[in-house]
Amino acid sequence: MDFKYSEEAEAFRREFRAWLDANLPDSARNGDNMQGEFMRAESSGWEFHREWHRKMYEGGWVGVSWPKEYGGRGASLEQQVVYNEEMARSNAPSLVNGLGIMLVGPTLIHWGTEEQKKRYVPKILSAEEIWCQGYSEPGAGSDVASLQTRAVEEGDYFIVNGQKVWTSGAHHADWCILLVRTDPEAPKHKGISYILVDMHSPGVTVRPLVQITGDRGFNEVFFEDVKVPKKNIIGEKNKGWQVAVTTLMFERSGISAGRDMMNLVNDLAELAKQVRRNGGNAWDDSSVRQRIGGFACDAMALRYSNLRQLTRRLKGLPPGPEGSVGKLWTSELNLRITKFATELLGPYSQIEYEAQYAFDRGKWLYKALAARALTIAGGTSEIQHNIIGERVLGLPKG
Ligand SMILES: Cc1cc2nc3c(=O)[nH]c(=O)nc-3n(C[C@H](O)[C@H](O)[C@H](O)COP(=O)(O)OP(=O)(O)OC[C@H]3O[C@@H](n4cnc5c(N)ncnc54)[C@H](O)[C@@H]3O)c2cc1C
């Protein structure tokens, strides 16, 4: 097996790394550590991330794999992987229009009409328009096809009524990819349409929800007689499920692709070297080193498993349900590592974000609390197990 990248991909790496070194100050190399500030609606984190997004965009480093005609770089799949590796390596902050870049742009490029692509894609890249994803409802999460939000045709418009929940970033969003029921009589997967809704339309109400971390990252969103032009439909009426699944595949593979768990393992090792235990530090304890070694093996296995998928894609095969393996493994490993960090810290793990005496600005408490969310968002771990069992391994339905 040859793990080396092509010379073209390595040249791309050098170019991106040089750009990051020149444009990303050391003080901003906080990567996910900034997530708390970023998600807190009331903080200045939002503006920081918006500014960073703008800088990346001006440098031509947003949506690198998108076709050049829509503002991307037309980067190959291999270059996209290198890009993700360099973002992780440099601990760069995340982009402000994450859902727009990870989900909406690729879905529109795949399914949108030429007019839709020209209208929406450039402003996703530049973060002039921020996007959110309106899938989940109070009675439709894992089984999202049970959704009840209705859209009824009236002249040139759909009139939308209903409620979504857990809508990340809706309080910042200008637009939403919304799943609505357009045929209540049809079997549930066949009566759904995928529409683009202007979040500033009359009748849209956004109410923040507070997570256990204290973040206000997601929301309840209510739609009351919201008028949506019919031309905002993606794909055909009542055939939105296919479009929705495309978005989900981008979401699942995106969740694992953007992370290198080795960074977190290295951070954990550094923590073990600081934490005092039995007159020395935790790192001196061979059982601690063994646990951390185990996490390192898991992180490497994830990296190679992602590369195996890359090989599939390079052979021209589409992203498939295998993306669930990376999503499941990334989120569960993240949970195990951050939980172990709180064990190492003992009572210190309870000291809050940025409080006095907090280790590493209290980031481990934050990360441990936030880790649970990743096992739910984008489809829970149980659902990923089901997908892997049924669609990757071909096991019978349980
Ligand atoms: C941080 C975060 C951000 C999110 N952002 C968004 C967003 O932007 N837009 C959006 O639309 N949604 C978003 N979600 C919602 C997310 O997609 C749902 O929470 C998720 O799909 C689970 O749905 P649910 O919460 O309704 O749980 P349920 O579906 O009610 O599940 C409850 C429990 O039952 C289990 N379960 C359900 N069905 C099965 C089954 N068939 N087999 C085995 N076990 C099962 C689940 O695994 C879970 O443990 C977000 C969630 C989180 C945590």
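Conventions used here
- Residues numbered from 1 in each chain as written.
- Predicted model: local features only at pLDDT ≥ 70, side-chain atom pairs only at ≥ 80, totals over all residues.
- Heavy atoms only, no water.
- Helix = DSSP H or I, 4+ residues; strand = E, 2+ residues; numbered from the N terminus.
- Rg over C-alpha atoms; globule rule 2.2 N^0.38 Å.
- Buried < 20%, exposed > 50% of the residue type's maximum accessible area, 1.4 Å probe, protein only.
- Contact = heavy atoms within 4.5 Å.
- Areas by Shrake-Rupley, 256 points an atom, 1.4 Å probe, with all protein chains shown as cover.
- Phe/Tyr/Trp six-rings, centres within 6.5 Å; stacked < 30°, edge-to-face > 60°.
- Lys NZ or Arg CZ within 6 Å of the ring centre and 35° of its normal.
- Polar contact = N/O pair within 3.5 Å; in protein donor to acceptor, adjacent residues only side chain to side chain.
- Near = heavy atom within 4 Å.
- Nonpolar A, V, L, I, M, F, W, Y, C, P; charged D, E, K, R; others polar.
- Pairing = 2+ DSSP bridges.
- Disulfide = S-S within 2.5 Å.

Draft legend 1. Representation of the overall build of the chain in the model. For the chain, the count of helices and strands is 12 helices and 10 strands. For a compact globule of 398 residues, the expected C-alpha radius of gyration is about 21 Å, and the chain comes in at 22 Å, within 12% of that figure. The principal-axis extent of the C-alpha atoms belonging to the chain is close to 75 × 50 × 45 Å. When the 398 residues of the chain are sorted by exposure, 50% land in the buried category. For the chain, long-range pairs separated by at least 24 residues make up 72% of all intrachain contacts whose partners lie at least 6 apart in sequence. For the chain, the accessible area works out to roughly 19100 Å², and carbon and sulfur atoms hold 52% of it.

Draft legend 2. View of the packing of aromatic side chains. Under the defined criterion, the tally for this structure stands at 11 aromatic pairs. Geometrically, the ring pair formed by tyrosine 120 and tryptophan 131 is edge-to-face, given 5.7 Å between the ring centres and 80° between the ring planes. With tyrosine 120 in helix α6 (residues 114-125) and tryptophan 131 in strand β1 (residues 131-134), this pair connects stretches of sequence that are 11 residues apart. Residue class for tyrosine 120 comes out buried when judged on its relative accessible area of 6%. With relative accessibility at 2%, the residue tryptophan 131 sits in the buried group. Against the face of tryptophan 61 rests arginine 73, its NZ or CZ located 3.6 Å from the ring centre. The positively charged end of arginine 336 is found above the aromatic ring belonging to tryptophan 329, 5.4 Å away from the centroid.

Draft legend 3. The environment of glutamate 153, seen in detail. Mapped onto the elements of the fold, glutamate 153 is located in strand β2 (residues 150-154). Residue glutamate 153 is classed as partly exposed on the basis of its relative accessible area, which comes to 38%. C-alpha of glutamate 153 to C-alpha of lysine 367: the two residues are 214 residues apart in sequence and 45 Å apart in space. Leave out the neighbours within four places in its chain, and glutamate 153 touches Phe158, Lys230 and Lys237. Among the polar contacts made by the side chain of glutamate 153, one reaches the side chain of lysine 230 at a distance of 2.9 Å. A distance of 2.5 Å separates a polar atom in the side chain of glutamate 153 from a polar atom in the side chain of lysine 237.

Draft legend 4. Inspection of the site of the ligand at higher detail. Near the ligand there are 17 residues, and of these Gln133, Ser142, Trp166, Thr380 and Glu382 occur at the shortest range. Taking tryptophan 166, its main chain carries an N or O atom lying 2.9 Å from a nitrogen atom of the ligand. Here glutamate 382 contributes a side-chain N or O atom positioned 2.7 Å from an oxygen atom of the ligand. Take the shell around the ligand: its biggest share by element is three residues, from helix α12 (residues 381-392). Split by residue class, the shell around the ligand holds seven nonpolar, nine polar and one charged.

Draft legend 5. Broad picture of the pairing of β1. What you see with β1 is no split at all: Trp131 and Gln133 on one side and Cys132 and Gly134 on the other are buried throughout. Pairing of β1 with strand β4 (residues 175-181) involves four bridges; the strand directions are parallel. Paired with tryptophan 131 across the strands is tryptophan 175, a residue of β4.

Draft legend 6. Examining the state of the cysteines more closely. Scanning all chains against the criterion turns up zero disulfides. With no disulfide partner, cysteine 132 has as its closest neighbouring cysteine sulfur the one in cysteine 176, 3.7 Å distant. By relative accessible area, cysteine 132 is classed as buried at 1%. On the basis of relative accessibility, which here comes to 1%, the residue cysteine 176 falls in the buried class.

Everything listed is a geometric property; what it means functionally is a separate question.
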